[in-house]
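# Coordinate inspection notes
Residue strings, one per chain:
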Amino acid sequence: MKQPDEGNLFTDLMELGPAPTMAREIVVIVISLAIIAVLFAIVGPSVPAFVALGVIVAFMGVRFVIGLRHWGTQS
């Protein structure tokens, strides 16, 4: 995992792993949810859209849980 002074918001959004700090990960989650909401509004309610939404939310949850393990060990 990167150090907090490495990278920026764009790299935090694009990485598979969690952001270096909990605050940055929360910002990533909020921005991701906003992007998903816009895309969901464009596509409309459909079964594939709900499936994709579920997968994305599960992925963000896993990222956050992995981050919790790393953020707790940093001092």
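Here, every reference points to the structure presented above.
First, a word on what this report is: a plain description of the structure on this page.

Definitions and cut-offs
Residues numbered from 1 in each chain as written. Predicted model: local features only at pLDDT ≥ 70, side-chain atom pairs only at ≥ 80, totals over all residues. Heavy atoms only, no water. Salt bridge = Lys/Arg side-chain N within 4 Å of Asp/Glu carboxyl O. Helix = DSSP H or I, 4+ residues; strand = E, 2+ residues; numbered from the N terminus. Buried < 20%, exposed > 50% of the residue type's maximum accessible area, 1.4 Å probe, protein only. Expected span 1.5 Å × (residues − 1). Arc of directions from axis to C-beta. Phe/Tyr/Trp six-rings, centres within 6.5 Å; stacked < 30°, edge-to-face > 60°. Patch = residues over 30% accessible without salt bridge, like charges linked within 9 Å, V, L, I, M, F, W, Y side chains within 5 Å. Areas by Shrake-Rupley, 256 points an atom, 1.4 Å probe, with all protein chains shown as cover.

Moving on, we get to the pattern of salt bridges. A side chain with one charge can pair with a side chain of the opposite charge if their charged atoms come near. Tallied over the full model, the rule gives 2 salt bridges. Between Arg24 and Asp12 there is a salt bridge, with its nearest N and O atoms 2.7 Å apart. Of the two residues, Arg24 is situated in helix H2 (residues 22–43) and Asp12 in helix H1 (residues 9–14); the sequence distance between them amounts to 12 residues. Assessed through its relative accessible area of 21%, Arg24 is described here as partly exposed.

Below, the discussion takes up H2. Side chains three or four residues apart in an α-helix point the same way, a direct result of the helix having 3.6 residues per turn. In this model, H2 (22 residues) spans 31 Å end to end at C-alpha, consistent with the 32 Å of a helix rising 1.5 Å per residue. Taken as a whole, H2 has its buried residues at Glu25, Val28, Ile29, Ser32 and Ile36. Projected down its long axis, H2 shows its buried positions confined to an angular sector of 100°, all on one face. Projecting away from the buried face of H2 at angles above 90 degrees are the exposed residues Ala23, Val30, Ala41 and Ile42.

Time to look at the packing of aromatic side chains. Scanning the model with the defined rule gives 2 aromatic pairs in all. With centroids separated by 5.1 Å and ring planes inclined at 65°, the aromatic side chains of Phe40 and Phe50 adopt a geometry described as edge-to-face. Here Phe40, found in helix H2, pairs with Phe50, found in helix H3 (residues 47–73); they are 10 residues apart in sequence, far enough to count as distant. Taking relative accessible area as the criterion, Phe40 reaches 23% and is therefore assigned partly exposed. A relative accessible area of 46% means that Phe50 is categorised as partly exposed. Measuring from centroid to centroid gives 5.4 Å for Phe64 and Trp71, while their planes differ by 70°, and the two rings are edge-to-face.

Moving on, we come to a nonpolar patch on the surface. A grouping of Ile35, Val38, Leu39, Ile42 and Val43 is seen on the molecular surface, where their side chains present a nonpolar patch of about 500 Å² in accessible area. Tracing the backbone shows Leu39 in helix H2.

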